[in-house]
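For reference, the chains in residue letters:
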Amino acid sequence: MEDNFLPFALPFIEQEEIDAVIEVLKSGWITTGPKTKQFEADFAQQIGCKHAIAVNSCTAALHLALEAIHIGEQDAVVTTPMTFAATAEVIAYFKAQPVFVDIDPITMNIDIAKLEEGIALVKKRACLKNVKAILPVHFAGYPAPMDEILQVAKNKNLQVIEDAAHAQSSLYKGKIIGNISDITCFSFYATKNMTTGEGGMITTNNDEWAERMRMMSLHGISRDAWKRYQADGNWHYDIIAPGFKYNLTDIASALGIVQLKKSNTLLARREKIAQMYDQAFSSLPSIERPPMGLADGFQHAWHLYVMKLNLATLSIDRDRFINELKALRIGVSVHFIPLHIHPYYKERYGYKPEDFPVAYETYQRIISLPIYPKMSDADVERVISAVTRLAKRFKR
Ligand SMILES: *Cc1c(COP(=O)(O)O)cnc(C)c1O
């Protein structure tokens, strides 16, 4: 059989990225070094923030951010259940409590109307834990309601750490994500809007946290330890704390420098694909489309295109719909299986599916369609025609 499988995601790698990596490989310096410094400087400039710290994943970035604000065993961190494992596991690293707040049914971001109530519930549910931070996720690249989140944080004296794994180049009220709250964490995983294979970036305007995160990202040893094998380096170093091994290589940074330069073009293509889907599905009552047409000053990064099935109008469920798309050789996914229904969170924290009814109900009808710059118009049309055909064939 002809292999006409359309993958769910593919990175956008051109000759320029390949050349940049080869240059580093030939240079004799392949781990953290001048390319990483340049990547950090380029990224900080694009965001307009004071500090950008390159690390080897967004998970590492989130871990370092929570360490910098001194999360401990007595603390709780408020986040959304509609996210990837990384967002909450980093809270558990500190034996702190992840506290979920249900999502908005349209944007699938944390529901601001339930945020204060969620914080108030912690005292009851988690006994002695103190809420110390809010960790919003910009779901799919749609900016979370930052003004309201920052207001709650201010009233209750909490820190805000953003999981911006989907939100590289998202805008909120004219401000770029990465320069809004205390600390922001980005991902350059293979499927993300820009990639370094594996990688991440932390942005902040706070000098003290920046210095702590930089130091902890490389074994907790004194500043610029990566220079110790360079001509102007010094063999001596001091270990200040038991840090981590989270530094990014120059091989990865070389990729990142090129990808960052292309991010506007890559975003434009993602946006175009979202528009094609939006228009095509507007006449299908069984498909609920993600929100488009954000107000001036807002930008959706379109990391994901998550459609919702209107199950009442269909004779099949979401799992069957996915199997039918698979049979048509189209790769799709589900973002996300809410964290609170996974065995660890159920067993460790006693969460029940109905604790976050919107996340649970939404989960049962979401499908993420392929959306990436490497897709041709013909690829997009193929997805559209498959979804349309199934929506009609299984109309109740
Ligand atoms: C991908 C992702 C992460 C983790 O990123 P890594 O770079 O793979 O560690 C964290 N949060 C969300 C919401 C993600 O989608």
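Just so it is clear, the model here is predicted, and its values are computed rather than measured. (Residues numbered from 1 in each chain as written. Predicted model: local features only at pLDDT ≥ 70, side-chain atom pairs only at ≥ 80, totals over all residues. Heavy atoms only, no water.)

Some points on the overall build of the protein
And then number 1: A count of helical and extended segments in the protein gives 13 helices and twelve strands.
And then number 2: Taking 21 Å as the expected radius of gyration for a compact globule of 396 residues, we find that the protein reaches 22 Å, a close match to that expectation.
And then number 3: A principal-axis box enclosing the C-alpha atoms of the protein has dimensions of 70 × 55 × 40 Å.
And then number 4: Counting only residues that meet the buried cut, the protein has 55% of its 396 residues in that class. (Helix = DSSP H or I, 4+ residues; strand = E, 2+ residues; numbered from the N terminus. Rg over C-alpha atoms; globule rule 2.2 N^0.38 Å. Buried < 20%, exposed > 50% of the residue type's maximum accessible area, 1.4 Å probe, protein only.)

Side note on the sheet that holds strand E8 (residues 183-187)
And then number 1: The mixed open sheet is built from seven strands, whose spatial order is E1-E9-E8-E5-E4-E2-E3. The strands lining the two open edges of the sheet, one partner per strand, are strand E1 (51-55) and strand E3 (97-100). The sheet shows a mean angle of 25° between the axes of neighbouring strands, direction not considered.
And then number 2: By the bridge criterion, four bridges tie strand E2 (residues 75-79) to E3 in an arrangement that is parallel. Paired with Val77 across the two strands is Pro98, which belongs to E3.
And then number 3: Contacting E1, E8 and strand E9 (200-204), helix H2 (residues 34-47) crosses the sheet at an angle of about 135° to E1.
And then number 4: Relative to E8, helix H3 (residues 58-68) is tilted by about 165°, and along the sheet it contacts E1, strand E4 (130-135), strand E5 (159-163), E8 and E9. (Pairing = 2+ DSSP bridges. Axes fitted to C-alpha atoms, helices over the stretch in contact; angles between N-to-C directions. Contact = heavy atoms within 4.5 Å.)

Section: the environment of Ser187
And then number 1: Relative to the elements of secondary structure, Ser187 occurs in strand E8.
And then number 2: Separated by 13 residues in the primary sequence, Ser187 and Gly200 place their C-alpha atoms 4.4 Å from one another.
And then number 3: With near-sequence residues (within four places) excluded, Ser187 lies in contact with Cys58, Ala165, Lys192, Met194, Gly199 and Gly200.
And then number 4: Engagement of the side chain of Ser187 in a polar contact is seen with the backbone nitrogen of Tyr189, the distance being 3.2 Å. (Polar contact = N/O pair within 3.5 Å; in protein donor to acceptor, adjacent residues only side chain to side chain.)

A few points about the site of the ligand
And then number 1: Among the 16 residues in the neighbourhood of the ligand, the closest are listed as Thr59, Asp163, His166, Ser187 and Lys192.
And then number 2: Residue Thr59 places a side-chain N or O atom 2.5 Å away from an oxygen atom belonging to the ligand.
And then number 3: The side chain of Asp163 places a nitrogen or oxygen atom 2.7 Å from a nitrogen atom of the ligand.
And then number 4: Calculation on the ligand without its partners gives an accessible area of 380 Å², and the protein chains cover 93% of this total.
And then number 5: At the level of secondary structure, the elements contributing two or more residues to the shell around the ligand comprise H3 and helix H4 (85-93). (Near = heavy atom within 4 Å. Areas by Shrake-Rupley, 256 points an atom, 1.4 Å probe, with all protein chains shown as cover.)

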